[in-house]
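# Descriptive analysis of the structure
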Amino acid sequence: MTVAAVVGLGTMGAGIAAVMARGGLSVRAFDIEPAAVERARGELPAIAGLLDRLGLPAKGDAMAVAFAGSLKEAVEGADLVLENVPERLELKLEVFRQLDALTTPDCVLASDTSGIPITKLQAVVSNPQRVVGMHWSNPPHLIPMIEVVAGELTGAATRDWMVALIRALGLLPVTVKKDVPGFVENRVLYAIMREALDLVEQGVIEPEDLDTCVSWGIGYKLAIVGPMALLDMAGLDIYQSVASYLNPELSRRQDVPPVIAERTAAGRLGLKTGGGLFDYAPEDLQSLRARRAQRFVAVRKALEEG
Ligand code: NAD
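Here the structure is a predicted model, which means the values were calculated and not measured.

## Description of the sheet that holds strand β1 (residues 3–7)
Read from one edge of the open sheet, eight strands run β3-β2-β1-β4-β5-β6-β7-β8, paired in mixed fashion. If you trace the sheet from one side to the other, it starts and ends with β3 (65–67) and β8 (172–176), each paired once. Each strand axis lies, on average, 25 degrees off the axis of its neighbour in the sheet, ignoring direction. With three bridges connecting them, strand β5 (residues 108–111) and strand β6 (residues 131–135) associate as parallel partners. Its bridge partner being in β6, Ser-111 is matched across the sheet by Gly-133.

## Brief notes about the site of the ligand
Taken together, 24 residues are adjacent to the ligand, and Thr-11, Asp-31, Glu-87, Lys-92 and Ser-114 come closest. Note that an oxygen atom of the ligand is positioned 2.7 Å from one of the side-chain N or O atoms of Lys-92. For the ligand, an oxygen atom lies 3.1 Å from a polar atom in the side chain of Asn-138. In the complex, 79% of the free accessible area of the ligand, which totals 840 Å², lies under the protein chains. In terms of residue count, helix α4 (residues 89–102) provides more of the shell around the ligand than any other element does, three residues in total. In the shell around the ligand, the residues fall into eleven nonpolar, eight polar and five charged.

## Let's talk about the domain arrangement of the protein chain
Split by domain assignment, the protein chain resolves into domain 1 (3–176), domain 2 (184–257) and domain 3 (267–306). For domain 1 versus domain 3, the distance between C-alpha centres works out to 24 Å. Of the residues lining the interface, ten residues belong to domain 1; the matching set on domain 3 comes to six residues. Here domain 1 and domain 3 share an interface that buries about 760 Å² over both sides, 66% of which is from carbon and sulfur atoms. Three residues stand out in domain 1 for area buried against domain 3, namely Arg-53, Leu-54 and Leu-142, and they jointly supply 64% of the buried area on that side. In this structure, the connection of domain 1 to domain 3 is made through zero salt bridges.

Each value, and the rule that gives it
Residues numbered from 1 in each chain as written. Predicted model: local features only at pLDDT ≥ 70, side-chain atom pairs only at ≥ 80, totals over all residues. Heavy atoms only, no water. Pairing = 2+ DSSP bridges. Helix = DSSP H or I, 4+ residues; strand = E, 2+ residues; numbered from the N terminus. Axes fitted to C-alpha atoms, helices over the stretch in contact; angles between N-to-C directions. Near = heavy atom within 4 Å. Polar contact = N/O pair within 3.5 Å; in protein donor to acceptor, adjacent residues only side chain to side chain. Areas by Shrake-Rupley, 256 points an atom, 1.4 Å probe, with all protein chains shown as cover. Nonpolar A, V, L, I, M, F, W, Y, C, P; charged D, E, K, R; others polar. Domains from an automatic or database assignment. Contact = heavy atoms within 4.5 Å. Buried area = accessible area lost by both parts, 1.4 Å probe. Salt bridge = Lys/Arg side-chain N within 4 Å of Asp/Glu carboxyl O.

Here is the structure:
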């Protein structure tokens, strides 16, 4: 049985550990903060319930996550370690140095980094061909796509092993062949965010209408027909003529737009502070999260069955 260790149990860790456990891996989990361990432990039943509702093949029990008391205990003898600590280069380098010392030489060392180059992490590991990006999407127990990112020194065998593992979990691997900043998912998402924020800031549209436009006009469509297939559906001649006048009009801003910078400075960070671009009443948060999870499950099932 493949032994996997998840290191860092914040926003992403519990969902990832549960998916791996349900997929039949023997999963150990570790966080330096005892409070994070307890939170992750407490999240497992609800996550396991969602995985049941998704109807994913149950090769194992999503609740069967062993919480380890130390990094050494978590990673010793593991076949895979997924680093999931905060997005700070120095911290990740330190964790990779420790993993290099604590794991067997053929243990695959993966990072869930959203954009730190995998090549930088490879620099502190003695056999860097075993280091690979495994970039999950949030919420990790609901979004089936995972980017497999090859750094400059990632071995083809490591990349292929990771792709096969993700498939065996019943999920969808995509291979990112070059270690570009932000990989692919976030580059596309941030291109959308930049244009959306610019339109709101210019007063072209209200935030609620922007979300309706993107979710029901673009998002719904893209879930069924991806951008490449959509170009063929629309006709490349149409793209050629629209792009020729529209591309020069699109936002090219290099900085973080004021609509975000001002709110961030004022502590308006979104759901976690009760308000961001929208306001949230504390008593509504639980039902908002539950409704979103329910809709994720329903849409994914419909897309998988369709
Ligand atoms: P987070 O801050 O919510 O959680 C990180 C956890 O790591 C914390 O519980 C912290 O106590 C723990 N930690 C810190 N140092 C540690 C150490 N030395 N050993 C063990 N645990 C340690 O972060 P997150 O949002 O879960 O993100 C983790 C990684 O996943 C980041 O690289 C992030 O870019 C990436 N990611 C995040 C999202 C997202 O939407 N949050 C999506 C995809 C990928």
